[in-house]
Amino acid sequence: IRRRCGYLPAEPRPYGRWRAGAYLDFALAFYPGSDPARARAMAASWDLPLDRRVRAYSTGMKQKLVLASVLCCGADLLFLDEPAGGMDPAGRAWLLDLLVRERQAGRTVLIASHLLRDIERICDEVLFIARGRVRSASGIPPRAWARIAFADPAQAEGLPLPPGAARPAGPGAVEVTGLPWDSIQAALGGRTPASITFHGESLLERYRQFLKEAGEA
């Protein structure tokens with residue numbers, strides 16, 4: 001069972017006296033299906049110097065190092081506790097896109113997070129926990145519509161969306177109606193929006209209602 005599960009703690013503490021590359025090799029050696037080459041490539045994409053000792057890493061760098069080992073361990077089930085902790089906005093956006101691809105590849109990803117907007121973007125189901133017990137379980141609330149804007153107006157043209165699901169919303173922007181985030185993400189492909197604005201019931205609103213009903217507000 002352990003070999004089929006990967007775990008990222010909220011406060012990773014990789015061995016400080018080890019060099020980062022040695023830590024990756026050590027962590028991945030426990031998983032027969034791991035991909036050390038991919039882990040090193042991922043670390044390089046995050047500008048992590050693998051020849052440097054881990055104690056010289058910042059908090060965010062340590063988070064990325066351990067995350068690389070978890071994502072590349074080959075496990076089918078991943079448990080991630082606050083995976084974006086310590087990351088800057090650009091790193092967080094990259095991580096969310098990466099987690100979407102991991103899920104699309106057939107892996108199950110369980111995320112514990114207080115960043116509800118991130119959860120809303122990438123998850124299918126949500127559990128609310130109060131006093132150590134699951135109090136509510138549901139799907140992500142559907143949005144009435146979303147406005148997607150691009151810095152390059154040409155990117156707003158030709159999005160592969162179902163007929164009637166999108167309409168122009170000004171130069172370089174479209175409004176998408178009645179589609180889950182997965183479908184919007186797939187339609188975007190390699191396009192990078194300048195902004196995405198959701199309208200309708202939010203996960204934050206549902207969470208506030210949950211707290212009120214649970215007597216936690």
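Procedures and definitions
Residues numbered from 1 in each chain as written. Predicted model: local features only at pLDDT ≥ 70, side-chain atom pairs only at ≥ 80, totals over all residues. Heavy atoms only, no water. Helix = DSSP H or I, 4+ residues; strand = E, 2+ residues; numbered from the N terminus. Contact = heavy atoms within 4.5 Å. 1 Å grid on protein atoms, 1.4 Å probe; cavity = no way out; pocket = protein on both sides within 12 Å on 5 of 7 lines; lining within 4 Å. Points joined across faces, edges and corners; volume = space filled by probe spheres on them. Nonpolar A, V, L, I, M, F, W, Y, C, P; charged D, E, K, R; others polar. Pairing = 2+ DSSP bridges. Axes fitted to C-alpha atoms, helices over the stretch in contact; angles between N-to-C directions. Core = buried A, V, L, I, M, F, W, Y, C linked by side-chain atoms within 4.5 Å. Buried < 20%, exposed > 50% of the residue type's maximum accessible area, 1.4 Å probe, protein only. Left-handed = near helix turned anticlockwise from the far one by under 90°. Salt bridge = Lys/Arg side-chain N within 4 Å of Asp/Glu carboxyl O. Polar contact = N/O pair within 3.5 Å; in protein donor to acceptor, adjacent residues only side chain to side chain. pLDDT = per-residue confidence, 0-100.

## Here's the deal with the overall build of the chain
So, point 1. Of the regular secondary structure elements, the chain holds seven helices and nine strands.
So, point 2. A sequence separation of at least 24 residues applies to 67% of the contacts in the chain between residues at least 6 apart.

## Brief notes about empty space enclosed by the protein
The rolling of a water-molecule-sized probe over the atoms marks out the regions of remaining empty space.
So, point 1. Scanning all chains against the criterion turns up one cavity of 30 Å³ or more.
So, point 2. For the largest cavity, the calculated volume is near 80 Å³.
So, point 3. Forming the walls of the largest cavity are 13 residues, and the residues nearest its centre are P83, A84, I111, S113 and D118.
So, point 4. At the level of secondary structure, the elements contributing two or more residues to the lining of the largest cavity comprise α4 (89–104) and α5 (116–122).
So, point 5. When its residues are assigned to classes, the lining of the largest cavity shows nine nonpolar, two polar and two charged.

## So, the sheet that holds strand β1 (residues 5–8)
So, point 1. Taken in spatial order, the three strands line up as β1-β2-β3 in an open sheet, and their pairing is parallel. Only two strands of the sheet have a single partner each, and these edge strands are β1 and β3 (108–112). Ignoring strand direction, the axes of neighbouring strands in this sheet form an average angle of 10 degrees.
So, point 2. Bridge count for β1 against strand β2 (residues 77–81) is four bridges, and the pairing is parallel.

## Remarks on the nonpolar core
So, point 1. Judged by nonpolar contacts, the single largest core of 45 residues is most densely connected at L65, L67, L78 and L80.
So, point 2. Secondary-structure elements contributing two or more residues to this core are α1 (20–28), α2 (36–45), α3 (59–71), β2, α4, α5, β4 (125–130) and α7 (203–214).
So, point 3. Look past the residues within four positions of L65 in its chain and what remains in contact with it is A20, Y23, L24, L48, L50, V54 and Y57.

## Some words on the packing of α1 against α2
So, point 1. Where α1 meets α2, the closest approach of the two axes is 10 Å, and the angle between their N-to-C directions is 145 degrees. The chirality of how α1 crosses α2 is right-handed. Only P36, A39, R40 and A43 of α2 make contact with α1, whose side of the interface consists of G21, L24, D25 and L28.

## A closer look at the pattern of salt bridges
So, point 1. For the structure shown, the criterion picks out six salt bridges.
So, point 2. Where R4 meets D76, a salt bridge forms, and the shortest distance between an N and an O atom there is 3.3 Å. In this pair, R4 is assigned in the segment before β1 and D76 in the loop between α3 and β2, connecting sequence segments 72 residues apart.
So, point 3. One network of salt bridges, in which partners are shared, links R38, E102 and R107.

## Quick notes on the side chain of S34
So, point 1. Tracing the backbone through its elements, the reader meets S34 in the loop between α1 and α2.
So, point 2. Separated by 3.0 Å, the side chain of S34 and the backbone oxygen of L28 make a polar contact.
So, point 3. Reaching out from S34, the side chain makes a polar contact with the backbone oxygen of Y31 at a distance of 3.0 Å.
So, point 4. In this structure, S34 is in contact with L28, C72, C73 and G74, ignoring residues within four places of it in sequence.

## So, the layout of surface pockets
So, point 1. If you add up the space inside the largest pocket, you get close to 810 Å³.
So, point 2. Of all elements in the fold, only β2, α4, β3, α5, β4 and α7 reach the threshold of two or more residues within the lining of the largest pocket.
So, point 3. Estimated volume of the second largest pocket: approximately 560 Å³.
So, point 4. In terms of lining residues, the second largest pocket is bounded by 24 residues, among which A93, D97, R121, P193 and I196 are the most central.
So, point 5. Looking at the lining of the second largest pocket, the elements that each hand over two or more residues are α4, α5, α6 (181–188) and β9 (195–199).
So, point 6. It is α4 that provides the largest number of residues to the lining of the second largest pocket, a total of eight residues.
So, point 7. Along the lines of polarity and charge, the residues of the lining of the second largest pocket split into 11 nonpolar, six polar and seven charged.

## Some details on the confidence of the model for the chain
So, point 1. The share of residues in the chain with pLDDT of 70 or more is 91%, and the mean pLDDT across the chain is 84.
So, point 2. No element of the chain has a lower mean pLDDT than strand β5 (residues 133–139), at 71, and none a higher one than α1, at 95.

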